[in-house]
Amino acid sequence: MWHVEFAIACAVALIALVAVGVTRARALRAPAPQGLVGIGLPLLETAFLAGGPGRVVEVALVRMEREGRVVISRDRRVTVTDPVPRDAIEAVVVTAAGRGSRDLNALRRAVMRDPEVQRIGDRLADRGLMRRPDRLRAAAWARRLMWLALLLTVVLGLVTMIGWMVQPIAERDATTPPLFVFGALVVFLAVVLRVTRLPRSRVTPAGARQLGMVRDGGSWRPRDAGPEDALLLGALALGGVAVLEDAELRAALLPRPLVGGTNTGGGSGSSSDSGYWCGSSSSSSCGSTTSCGSSSSCGSSSSSCGSSSSSSCGSSSSSCGSSSSSSCGSSSSCGSSCGGGGCGSS
């Protein structure tokens, strides 16, 4: 009798189906955008939306460098010459740089993980412009359960079919051979996996429209940037360090590959490709990563984690934090984000 095996496969498939449905709906649900400000979107929020936490670091450093408050050397050392910050993000940069000079990659990682930077992603998510990477990661785990249900169904189907075939014909069940019912369940699960694929980007359609409004308005001059550097900083926030005309500064800010070919974040990637955003800077659990630098968004996601000296993050991250964060895991390849985003296509 193969009915017991089929019942087991159906039970696991049902659990996976419910998990996928619930987590996916939660991951894709975003609050209705209210009061979008068009080209008036703040500079650092635009940078986070367009390029993740790494882009925020780049914009802050370039703004301070243009004002003569930091020096970025050719050997990628950052020295703060004016320790008085103008906003919370600059305060993070000043603290991360310390009294002497600090390697740019290490400083970038420390600033990206700081709760002040992470909260920018939280604010964008609260406005419906980005998806929370911790929810995307939960949905991804549910899909793994669905893949497990599919594999279990295939294995049980093969075992029961072989057992059914080796029986004497007179002793076989008079019902349909197990091949058909198990095959139907396999096809069903495959279709579910196909139609429940998750978006690769943490930017919601509303966030994409917001960026479109900024980009389509011509050369963007953010209102919260100095008039002399507004055009440069606006282009940097939207396009990354590739837009910088200063070749030495551009070369210094370009992310350097780490062991294994991963990057340390920033660059000119999309918000899902250069993030280290966890979705909630108040969370405490952090694991290993998948998006802190250049590959998928803090893809996955969770929240604060690691110290400013913790290991570098490469692709999408799942956890972020600062030296004040609580329980954290290692961040070696860094799943959403963060940031997300964190911080791709919707």
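Everything that follows concerns the structure shown earlier in this document.
Now for a look at the structure at hand. Because the structure is a prediction, the values reported are computed rather than measured.

Considering the nonpolar core
For soluble globular proteins, the rule of thumb is that nonpolar side chains tend to be buried together. Judged by nonpolar contacts, the single largest core of 52 residues is most densely connected at Leu-61 and Leu-253. When residues in this core are grouped by element, the largest group, 13 residues, is from helix α2 (residues 43–66).

Quick notes on the pattern of salt bridges
For the structure shown, the criterion picks out 15 salt bridges. For the salt bridge of Arg-74 with Glu-248, the shortest nitrogen-to-oxygen distance reads 2.5 Å. Taken together, the residues Arg-74 in the loop between β1 (70–72) and β2 (77–80) and Glu-248 in helix α10 (residues 247–253) connect sequence positions 174 residues apart. The structure contains a network of salt bridges with shared partners spanning Arg-63, Glu-67, Arg-69, Asp-82, Arg-86, Asp-87 and Glu-90.

A closer look at helix α7 (residues 178–195)
Here α7 spans 26 Å end to end across 18 residues, near enough to the 26 Å set by a 1.5 Å rise per residue. Of all the positions in α7, only Pro-178, Phe-182, Leu-185, Leu-189, Val-192 and Leu-193 are classed as buried. Taken around the axis of α7, the buried residues stretch over an arc of 100°, which confines them to a single face. Among the exposed residues of α7, those pointing more than 90 degrees away from its buried face are Phe-180, Val-187, Arg-194 and Val-195.

Remarks on the sheet that holds β1
With respect to topology, three strands assemble into an open sheet ordered β1-β2-β3, the strand pairing being antiparallel. One side of each edge strand has no neighbouring strand; the edge strands of this open sheet are β1 and β3 (101–103). Direction aside, the axes of adjacent strands within the sheet are offset by 20° on average. Pairing analysis gives three bridges linking β2 to β3, with the strands arranged antiparallel. In the sheet register, Thr-79 faces β3, and the bridge partner there is Ser-101. α2 rests against β1 and β2 of the sheet, and its axis sits at about 110° to β1.

The rules we used
Residues numbered from 1 in each chain as written. Predicted model: local features only at pLDDT ≥ 70, side-chain atom pairs only at ≥ 80, totals over all residues. Heavy atoms only, no water. Core = buried A, V, L, I, M, F, W, Y, C linked by side-chain atoms within 4.5 Å. Buried < 20%, exposed > 50% of the residue type's maximum accessible area, 1.4 Å probe, protein only. Helix = DSSP H or I, 4+ residues; strand = E, 2+ residues; numbered from the N terminus. Salt bridge = Lys/Arg side-chain N within 4 Å of Asp/Glu carboxyl O. Expected span 1.5 Å × (residues − 1). Arc of directions from axis to C-beta. Pairing = 2+ DSSP bridges. Axes fitted to C-alpha atoms, helices over the stretch in contact; angles between N-to-C directions. Contact = heavy atoms within 4.5 Å.

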